[in-house]
Amino acid sequence: MSRWLRALVIVLLAASCGGGGSGTAPRNLDDACAILGERPGYYRAFRNAERRWGVPVPVQMATIYQESKFISDARTPLRYTLGVIPVGRQSSAFGYSQALDGTWDEYVEQSGGWRARRDDIRDATDFMGWYMAATTRELGIPLSDARRQYLAYHEGRGGYRSGSYNAKSWLLRVADEVGRRAVTYDIQLRNCRHAR
């Protein structure tokens, strides 16, 4: 085998490894069964986080849908000065879970996952489980309450505690959508052969 062909095979094999997303979203984000059928590794990641932290799979899926639309390397939009000169991103949020740098660093330190990556579905779901379980301990929000968990996830636990979301009608609408999507995903997953 030629060097060029050998190098191409190695690159393709390396690209096929990892979190199963390669930056692109599954084709049908409105169908939980279609998502899991297209990306079987997702279900294993969701189930592992559910077993470890207690966060139901539909809550995880609805939150990831809202945060990144299942795009592994999602980032916040760029900010511009004078309307044309890029000056950085709106925040450090990155990956499936859109975890901020500081919160991710805290997770890595507490979980011992120094090799964890925000663009790996296994690590992103574990992070979400870790964060939501702490939210339940600190604020008493049930893990099955996708709407309120999302508000605390978006605003941070301190922001949720102070009610900062009440001044953001757009965020309340988004949280309602997350809650509805979690219910829809739950119904779909009950009849899904990929979720057994």
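Here's the deal with the overall build of the protein
Helix and strand content of the protein: eight helices and two strands. For the protein, the succession of helices and strands along the chain, N to C, is α-α-α-α-β-β-α-α-α-α. In the protein, which comprises 196 residues, the share counted as buried stands at 44%. Of the contacts formed within the protein by residues at least 6 apart in sequence, a portion of 51% connects residues at least 24 apart. Of the roughly 10800 Å² of accessible surface on the protein, a fraction of 52% belongs to carbon and sulfur atoms.

Some details on the confidence of the model for the protein
Residues at a pLDDT of 70 or more form 81% of the protein, whose mean pLDDT is 85. Of the regions scoring below 50 in pLDDT, residues 7–21 engages in 14 contacts with residues more than four places distant in sequence or in other chains.

Some remarks on the environment of Asp30
Relative to the elements of secondary structure, Asp30 occurs in the loop between helix 1 (3–16) and helix 2 (32–38). In the structure, Asp30 is positioned 151 residues away from Arg181 in sequence and 8.4 Å away in space, judged by C-alpha atoms. Not counting residues within four places of it along the chain, the set of residues in contact with Asp30 comprises Arg181, Tyr185 and Gln188.

Observations concerning the nonpolar core
Among the nonpolar cores identified, the biggest contains 47 residues, and Tyr42, Phe46, Met61, Phe70, Phe127 and Tyr185 are the most heavily contacted of them. Every element with two or more residues in this core is listed here: helix 2, helix 3 (40–53), helix 4 (57–68), helix 5 (101–111), helix 6 (121–139), helix 7 (146–162) and helix 8 (169–190). Counting residues per element, this core draws most heavily on helix 6, which supplies eight residues. Contacts of Phe46, omitting those with residues within four sequence positions, involve Leu36, Val57, Gln60, Met61, Ile64, Phe70 and Thr125.

Some remarks on the pattern of salt bridges
A full pass over the atoms with the stated rule returns 14 salt bridges. Of the charged contacts, one joins Arg39 and Glu38 as a salt bridge, the two residues approaching to 3.8 Å between their closest N and O atoms. Using a relative accessible area of 25% as the deciding quantity, one classes Glu38 as partly exposed. Residues Arg147 and Asp176 are paired through a salt bridge, measuring 2.6 Å at the closest nitrogen-oxygen approach.

Criteria and cut-off values
Residues numbered from 1 in each chain as written. Predicted model: local features only at pLDDT ≥ 70, side-chain atom pairs only at ≥ 80, totals over all residues. Heavy atoms only, no water. Helix = DSSP H or I, 4+ residues; strand = E, 2+ residues; numbered from the N terminus. Buried < 20%, exposed > 50% of the residue type's maximum accessible area, 1.4 Å probe, protein only. Contact = heavy atoms within 4.5 Å. Areas by Shrake-Rupley, 256 points an atom, 1.4 Å probe, with all protein chains shown as cover. pLDDT = per-residue confidence, 0-100. Core = buried A, V, L, I, M, F, W, Y, C linked by side-chain atoms within 4.5 Å. Salt bridge = Lys/Arg side-chain N within 4 Å of Asp/Glu carboxyl O.

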